Amino acid sequence: MKPILRFGENHMFKIVQFTDVHWRNGEAEDLCCEALMERVLLAEKPDLVVFTGDLIDSGFCQEPLESLKNAVAAVDRSGVPWAAVFGNHDSEAGVSRSSLMDVLTSYSLCLSESGPDDINGVGNFVLDIMSSGSGSGSAARLFFLDSGSYAPKAIGGYDWIHTDQIAWFKQQTSGGIRGEAETPVPGLAFFHIPLPEYREVWEKGHCEGNKMENVCSAKVNSGFFSALVEQGDVCGTFVGHDHLNDFIGELYGIRLAYGRATGFNTYGKDGFPRGARVINLLEGTRHFDTWIRLDDEAGM
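Now for a look at the structure at hand. (Residues numbered from 1 in each chain as written. Predicted model: local features only at pLDDT ≥ 70, side-chain atom pairs only at ≥ 80, totals over all residues. Heavy atoms only, no water.)

**Concerning the pattern of salt bridges**
Selection criterion: The salt bridge definition used is simple: a Lys or Arg side-chain nitrogen within 4 Å of an Asp or Glu carboxyl oxygen. Secondary structure elements follow DSSP: runs of H or I of four or more residues count as helices, runs of E of two or more count as strands, with numbering from the N terminus.
A complete count under the given rule lists twelve salt bridges for this structure. Notably, a salt bridge pairs R97 with D146, separated by 3.0 Å at the nearest N-O pair. One end of the pair, R97, is in helix α3 (residues 97–105); the other, D146, is in the loop between β5 (138–144) and α4 (163–173), with 49 residues separating them in the sequence. Notably, a salt bridge pairs E200 with K204, separated by 3.8 Å at the nearest N-O pair. What you see here is one network of salt bridges that share partners, running through K14, E44 and R293.

**Regarding the sheet that holds strand β12 (residues 288–294)**
Inclusion rule: In this scheme, strands are said to pair when DSSP sees at least two bridges between them. For helices, the fitted axis covers only the stretch in contact; all axes are lines through C-alpha atoms, and the angles between them, taken along N-to-C directions, range from 0 to 180 degrees. Note on contacts: a residue pair qualifies if any of its non-hydrogen atoms lie within 4.5 Å across the two residues.
Read across the open sheet, the five strands follow the order β3-β2-β1-β11-β12; overall the sheet is mixed. Two strands in the sheet have a free side with no partner beyond their single neighbour: β3 (82–85) and β12. The average angle at which neighbouring strand axes cross in this sheet is 20 degrees, direction not considered. Here seven bridges tie strand β11 (residues 275–282) to β12, and the two strands are oriented antiparallel to one another. Bridge assignment links I279 to a residue of β12, and that residue is T290. Of the strands in this sheet, β1 (12–18), β2 (48–52), β11 and β12 are in contact with helix α1 (residues 28–44), which crosses β1 at around 170 degrees.

Written out as C-alpha cells, the structure is:
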C-alpha cells in the first residue's frame, strides 16, 4: 500500500528536491552524490523527496535500469516517500521513459505514476497532501509534469509542456478542491525544463539566488505559465536542468524556483557546491519557506 502524505501536527510539510543526479555506473562521482543525498536527508528529515529529472545520464550508463535503481537507492533506504519526473537525459540511449517508470513504480515508497496514456509524456500525475490530524480532506496538491526531452529538429533546443498536458492540468484544477474559504487548495508544480518565464522573472530583478548560465527553456512558449496564473492553484514551480542556476523569483503571484544541482558527474563550477532545495509548506496558506542545503554546509 502506498504511503499517504499528510501535514504534521505542526501544520508543516517538508519536501526535499534533488535534481540532476546524473547517475552513471557507480563511479566515485556517483558515490559522492549518494553520500550527499544521505546527509541532506539526515539533516532535513523531510516528509517527501522529489527528483526533478535527469536521475541518470543514460548515454553513459551500461545498464540504464540498474543505474536508475542505484540513483534512488539512498532515498528509498531512508524510508521517506518519494516521487520523480524525467529529464532530457533519462531516456536518451536505448531506454524508454515507460521502462524507467516501471522501475520507479515497483518501489512501495515511490508515488510516481505513468499518468494518462493519451497525452504527451510519461509521469503526469497529482499527489494530495491531506490535512493534519485525522482530517480526510486535501490541504495541498502537488502537480508533476513531464517537460519532455528535445524539440523537433526544425525547431531545435528543448521540448516543452504540450497543450494536451495543459488541458489535463486544467482538468485537475478547474472547479478545484476548495478549502473553507472557497479558495483553491494551494499547489506546487514540479518538472525538469524551466519555462521561458524563468528568464523574465530574472530580468525583472525580483529574484534571490544565483544565475550563472542561460535559462535553457524551450524556444516555444506553450502557455503553461498562463494556465498556472489563470487556474490560481499553483503558488510555486520547481525545476532543474540548468546546473548553475538556483534562483527563485515571483512573477504574477507565482514563485518560480530552481533546485540546486545534486549530481557530481556532470558540469558544475568551482565554488558552487552541489546540494538540494528544501521546501516547507504551511498548512492552510499559499505560503512556503524554501532554502538551499549545500554539500559544504556546516552540519552536513
